[in-house]
Amino acid sequence: MVKTDGHLLIMSMDWLPFESEIAYKSEKLILKYNPSWTGKGTKRYDIKTPDWLGDMFKVSNKISFDTDVNFTRDSWHGRIKDCRGIGTGALSDEEIAKWEKEHKAMLSSYPEKFTIPHYVTILDLEKKIKV
């Protein structure tokens, strides 16, 4: 529920696979096991009010920026495992085990610590007052 003068914030934080070899190879491996995954290939984009909000809000402010996020091999593996292309019922336990083995082997050729560029968007929506 949003108060009459309230705001709704929508935030997204996406890795940029075309700017990181690790993210790109991780996405390729997700697609090997889940070719119908729709979360691939994120690039910078202009943030817009989602259609599902109808005409209830107006844009008060929108912000987008790049940031490097620090990871270890294990934390990146966990980040990817939790994405909707692998976790949340997308793959069977057997498929996840195979993907995990392959992903960990791929990550072993990189340093223990690294950064992955991410694109952050924040959309500040103000509730429209009905008269």
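First, a word on scope: everything that follows refers to the structure included in this document.

Cut-offs used in this document
- Residues numbered from 1 in each chain as written.
- Predicted model: local features only at pLDDT ≥ 70, side-chain atom pairs only at ≥ 80, totals over all residues.
- Heavy atoms only, no water.
- Helix = DSSP H or I, 4+ residues; strand = E, 2+ residues; numbered from the N terminus.
- Rg over C-alpha atoms; globule rule 2.2 N^0.38 Å.
- Buried < 20%, exposed > 50% of the residue type's maximum accessible area, 1.4 Å probe, protein only.
- Lys, Arg positive; Asp, Glu negative; His and termini not counted.
- Charge placed at Lys NZ, Arg CZ, Asp CG, Glu CD.
- Phe/Tyr/Trp six-rings, centres within 6.5 Å; stacked < 30°, edge-to-face > 60°.
- Lys NZ or Arg CZ within 6 Å of the ring centre and 35° of its normal.
- Pairing = 2+ DSSP bridges.
- Axes fitted to C-alpha atoms, helices over the stretch in contact; angles between N-to-C directions.
- Contact = heavy atoms within 4.5 Å.
- 1 Å grid on protein atoms, 1.4 Å probe; cavity = no way out; pocket = protein on both sides within 12 Å on 5 of 7 lines; lining within 4 Å.
- Points joined across faces, edges and corners; volume = space filled by probe spheres on them.
- Nonpolar A, V, L, I, M, F, W, Y, C, P; charged D, E, K, R; others polar.
- Salt bridge = Lys/Arg side-chain N within 4 Å of Asp/Glu carboxyl O.
- Left-handed = near helix turned anticlockwise from the far one by under 90°.

Counting its regular elements, the protein chain contains three helices and three strands. For the protein chain, the N- to C-terminal ordering of α and β elements is β-α-β-α-α-β. Here the C-alpha atoms of the protein chain give a radius of gyration of 18 Å, more than 25% beyond the 14 Å that 2.2 N^0.38 yields for 131 residues. Each principal axis of the C-alpha atoms in the protein chain carries an extent, and together these give about 60 × 30 × 20 Å. Burial analysis of the protein chain (131 residues in total) assigns 36% to the buried set. Of the charged side chains in the protein chain, 21 are positive and 20 negative, and the gap between their average positions amounts to 2 Å.

Going through the model one piece at a time under the given rule, you end up with four aromatic pairs. Directly above the ring of Phe18 sits Lys43, whose terminal nitrogen or CZ lies 5.3 Å from the centroid.

With that out of the way, let us pick up the sheet that holds strand β2 (residues 57–72). Strand-to-strand pairing in sheets goes through backbone hydrogen bonds, with the strands running parallel or antiparallel. Within the open sheet, the three strands sit side by side as β1-β3-β2. Their pairing is antiparallel. Looking at the sheet topology across the chains shown, the edges are occupied by β1 (7–15) and β2. When the angles between neighbouring strand axes are averaged without regard to direction, this sheet yields 15°. When β2 meets strand β3 (residues 113–127), the two strands line up antiparallel, connected through 15 bridges. Residue pairing in the sheet places Phe57 in a bridge with Lys127 of β3. Packed on one face of the sheet, helix α2 (residues 73–81) meets β1, β2 and β3 and runs near 140° to β2.

So, on to the layout of surface pockets. A volume near 180 Å³ is recorded for the largest pocket. If you go around the largest pocket, the residues you meet are Met13, Asp14, Trp15, Glu27, Trp37, Thr38, Gly39, Thr42, Arg79, Cys83 and Arg84. By residue number, the principal contributor to the lining of the largest pocket is β1, which donates three residues. Looking at the lining of the largest pocket residue by residue, the classes come out as four nonpolar, three polar and four charged.

On to the pattern of salt bridges, then. For the structure shown, the criterion picks out nine salt bridges. As a salt-bridge pair, Arg44 and Asp66 come within 2.7 Å of each other at their nearest N and O atoms. Residue Arg44 is found in the loop between α1 (21–33) and β2, and its partner Asp66 is found in strand β2; the two are separated by 22 residues along the sequence. Accessibility expressed as a relative area gives 44% for Asp66, which makes it partly exposed. With a shortest N-O distance of 3.5 Å, Glu94 and Lys98 are connected by a salt bridge.

Two elements in contact, α2 and helix α3 (residues 93–107), have axes separated by 11 Å at closest approach and are oriented at 145°. The way α2 lies across α3 gives a crossing that is right-handed. Facing Arg73, Trp76, His77, Ile80 and Lys81 of α2, the residues of α3 in contact are Ile96, Trp99, Glu100, His103, Lys104 and Leu107. Residue classes in the contact of α2 with α3 are distributed as five nonpolar, two polar and four charged.

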